[in-house]
Amino acid sequence: MEIKVNRQQSQLIEDLQLMASEGRNPDTMDLDLLDTKSLLVALNKEDQKVAHVVHRAIPEITLAVEKIVSAFRRGGRLIYVGAGTSGRLGVLDAVECPPTFSVSEHQIIALIAGGESAMYKAVEGAEDDPILAITELKSCHLCKEDVVVGIAASGRTPYTISALKYAKEIGAVAVGVSCNSGSELLTEADIAICAEVGPEALTGSTRLKSGTAQKLILNMLTTASMVKTGKSYENLMVDVHASNEKLKARAVRIVMQATACDIHIATAALAKANNNVKLAILLVLTDLPIEEAAVLLESKHGFLRAAVNDSIEQPIKINV
């Protein structure tokens, strides 16, 4: 009995055969024979390759960060778009920014194929729907001031590719993040970020090296963009939103670290500054009245180092 081969499936198999991320790794062919420790060593050995590959993409990541920073200054947004693991990584990065940097939840958002429920359970067929991506971008009022970052390890996901195409039509910056060079996603992107980590330890399981590479890149995009928009002082998170006990303790510690003051002065300064960490640090370092300190910080667009440098040459400790 002759069984007809689905033409679309046949084409997809051919496409997969050409992807570096879908190849078989010659260093892990005996994965199923290894004892537990040797298995973990093999996985770790593959993971160690990821950071070096991401390093090679820094020129393109730099371009993307500069576009994101420019977008933020114009009131634009960073919008992640992805499916499956790639989409979940975008959601993870987006939701961590408000508590870490006190940005609006609308400044950095993430769309995942299949909607919120897809974070917890795969939504069949969602990643293959190019219209869905356009519909969702329209619903969040995509505009030319925004930056859209499409994430897809394979670089062939129709949902994500469609999002980048639509972003370019609108005039928004389209950034592609993929682990396969020459993929359609990267071809469609204004800025193509490729981290070709090669075959996975477990063939085709792109939540491994590919997922790690994507996570590193997204971390770099948001962290660097936040630093470049005044969200750090030295290497401290001075715009942290103290929304729970751990973050409240961290806020006190940040003031202490930035000013070399004790816990009592840091706590008092935070109380006076209504838990604004940057303002509290400025109060401790400059001895300015709170109204003047607030105006100075605003005049420097939230860049604490610029405010400190403008007011004093040497830190001054005060009692608040």
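Everything numeric in this text was worked out from a predicted model, so none of it was measured. (Residues numbered from 1 in each chain as written. Predicted model: local features only at pLDDT ≥ 70, side-chain atom pairs only at ≥ 80, totals over all residues. Heavy atoms only, no water.)

Details of the pattern of salt bridges
Line of reasoning, step 1. One pass over the structure, following the stated rule, counts 10 salt bridges.
Line of reasoning, step 2. The shortest N-O distance in the salt bridge between Asp-27 and Lys-49 comes to 3.9 Å. In this pair, Asp-27 is assigned in the loop between helix H1 (7-17) and helix H2 (36-47) and Lys-49 in the loop between H2 and helix H3 (50-56), connecting sequence segments 22 residues apart.
Line of reasoning, step 3. One salt bridge in this structure joins Asp-146 and Arg-77, with 2.7 Å as the shortest N-O distance. Here Arg-77 lies in the loop between helix H4 (58-73) and strand E1 (78-82) and Asp-146 lies in the loop between helix H6 (130-139) and strand E3 (147-151), a separation of 69 residues in the sequence.
Line of reasoning, step 4. Given a relative accessible area of 1%, Asp-146 falls into the buried group.
Line of reasoning, step 5. Connected through shared salt-bridge partners, Asp-27, Glu-46, Lys-49 and Lys-209 make up one network. (Salt bridge = Lys/Arg side-chain N within 4 Å of Asp/Glu carboxyl O. Helix = DSSP H or I, 4+ residues; strand = E, 2+ residues; numbered from the N terminus. Buried < 20%, exposed > 50% of the residue type's maximum accessible area, 1.4 Å probe, protein only.)

Overview of H2
Line of reasoning, step 1. With 12 residues, H2 extends 17 Å between its outermost C-alpha atoms, agreeing within 8% with the 16 Å of an ideal straight helix rising 1.5 Å per residue.
Line of reasoning, step 2. If you check the start of H2, you find a side-chain oxygen 3.1 Å away from the backbone N of Lys-37, and it comes from Asp-35. (Expected span 1.5 Å × (residues − 1). Polar contact = N/O pair within 3.5 Å; in protein donor to acceptor, adjacent residues only side chain to side chain.)

Considerations on the packing of helix H11 (residues 263-272) against helix H12 (residues 277-286)
Line of reasoning, step 1. Put simply, H11 and H12 touch, their axes get as near as 8 Å, and they point 120 degrees apart. Considered as vectors, H11 and H12 are oriented oblique to each other. As for the relative orientation of H11 and H12, their crossing is right-handed in sense. Every residue of H12 that contacts H11 at Ile-265, Ala-269, Leu-270 and Lys-272 is listed here: Val-277, Ala-280, Leu-283 and Val-284.
Line of reasoning, step 2. Here the residues of the contact of H11 with H12 sort into 7 nonpolar, no polar and 1 charged. (Axes fitted to C-alpha atoms, helices over the stretch in contact; angles between N-to-C directions. Parallel < 35°, antiparallel > 145°, perpendicular 65-115°, else oblique. Left-handed = near helix turned anticlockwise from the far one by under 90°. Contact = heavy atoms within 4.5 Å. Nonpolar A, V, L, I, M, F, W, Y, C, P; charged D, E, K, R; others polar.)

Points about the confidence of the model for the chain
Line of reasoning, step 1. Averaged over every residue, the pLDDT of the chain is 91; residues scoring 70 or more account for 90%.
Line of reasoning, step 2. Note that pLDDT drops below 50 for residues 314-320; the model gives that stretch 17 contacts with residues more than four away or on any other chain. (pLDDT = per-residue confidence, 0-100.)

Side note on the nonpolar core
As a rule of thumb, nonpolar side chains are buried together in soluble globular proteins.
Line of reasoning, step 1. The biggest cluster of nonpolar side chains holds 35 residues, and the ones touching the most others in it are Tyr-80, Val-149, Ile-193 and Leu-221.
Line of reasoning, step 2. Put simply, the parts of the chain that give this core at least two residues each are H3, H4, E1, helix H5 (84-101), E3, strand E4 (173-178), strand E5 (191-194) and helix H9 (209-228).
Line of reasoning, step 3. Top element by residues in this core is H4. It accounts for 7 residues.
Line of reasoning, step 4. Apart from residues no more than four positions distant in its own chain, Ile-193 is found in contact with Ala-57, Glu-60, Ile-61, Ala-64, Val-175, Gly-176, Val-177, Ser-178, Leu-186, Ile-217 and Leu-221.
Line of reasoning, step 5. Residues Cys-261, Ile-265, Ala-266 and Ala-293 belong to the second largest nonpolar core, which totals 30 residues. (Core = buried A, V, L, I, M, F, W, Y, C linked by side-chain atoms within 4.5 Å.)

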